[in-house]
Structures are given as structure tokens and as C-alpha cells.
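Chain by chain, the residues run as shown.
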Amino acid sequence: MGLESKIGSLTAGKLADVIVVKPRWNVVRSSFPTATVVLQSTAADVSAVLVNGEVRKRDGKLVGHDLTALRARANAALDNIERAVAAQHRFGPDELAEFVGQAERGASVNYAQAYRHLAAR
């Protein structure tokens, strides 16, 4: 890739993304630890994260983020979604039957046109 002067090893001056996963002492050791980390770890198992050498998570906690503000923004977004869903029109059984009927008729027309096109080849 031609980036060996910038990446590829943990060396002072190079960019590095590093994830430190703490071992789970309450489970049996793995015969394939790399796969175990990749397939069975969760965010709770990550004790440290560095992105381009900058610490983003330390001792299992995010660094440099106001989690209270992030949670408030996420909850506000969810509130907006729930309000929008609640405001949606609810179709009754007759409306749904009409919609499905129109969809079936439209699909039949499209299939017929496709078959005619194929038969004309």
C-alpha cells in the first residue's frame, strides 16, 4: 500500500489505532485467543482505545465526551421518532385490503409486461 513509513508498526511518530481488550478471568482459556477476542468480545470488554495515537477510551470509559449530553440528545431523537410514528395514519382493515389489492393488480400487470418482453426475444 506504500504506507509503511506511516503505519504498520507501533513506532513513535506513526499513526496507530490500538484496542486493548481485558481478559475475562471467569471463563476457560481459549485455544484460539484471537478468534475468541474477535467473535466473543463486546464493548464492555474493551478497556482502552487509541485512534491515531489519541486516547479515546481509558479504563473502560470514554474520554473527551459528555455522556450525559449524548444520552440527552439520543433520548430527544428517540422522542421525535416516537412522536412521528404516533402521528402516522393507522390503516383500517378495509384500507389495507384495498392497498394489497392494488399492489397485487400492479404486480400482475408488471409480470405480464415482463413475460411479453421475454417472449418477444
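Scoring rules and cut-offs
- Residues numbered from 1 in each chain as written.
- Predicted model: local features only at pLDDT ≥ 70, side-chain atom pairs only at ≥ 80, totals over all residues.
- Heavy atoms only, no water.
- Patch = residues over 30% accessible without salt bridge, like charges linked within 9 Å, V, L, I, M, F, W, Y side chains within 5 Å.
- Areas by Shrake-Rupley, 256 points an atom, 1.4 Å probe, with all protein chains shown as cover.
- Salt bridge = Lys/Arg side-chain N within 4 Å of Asp/Glu carboxyl O.
- Helix = DSSP H or I, 4+ residues; strand = E, 2+ residues; numbered from the N terminus.
- Buried < 20%, exposed > 50% of the residue type's maximum accessible area, 1.4 Å probe, protein only.
- pLDDT = per-residue confidence, 0-100.

## Regarding a nonpolar patch on the surface
Phase 1: Nonpolar side chains collect at one region of the surface, where Met1, Leu3, Ile7 and Leu15 lie side by side and expose about 420 Å² of accessible area between them.
Phase 2: Mapping isoleucine 7 onto the fold places it in the segment before strand S1 (18-21).
Phase 3: Its relative accessible area of 33% is what places isoleucine 7 among the partly exposed residues.

## Some details on the pattern of salt bridges
Phase 1: Applying the stated criterion to the full structure yields two salt bridges.
Phase 2: Of the charged contacts, one joins glutamate 54 and arginine 56 as a salt bridge, the two residues approaching to 3.5 Å between their closest N and O atoms.
Phase 3: In this structure, the salt-bridge partner of glutamate 98 is arginine 105, at a minimum N-O distance of 3.6 Å.

## Focus: the confidence of the model for the chain
Phase 1: Predicted confidence across the chain gives a mean pLDDT of 89, with 98% of residues reaching 70 or more.
Phase 2: Across the chain, the secondary-structure element scoring lowest on mean pLDDT is helix H1 (residues 33-40), at 85, and the one scoring highest is helix H2 (residues 67-87), at 96.

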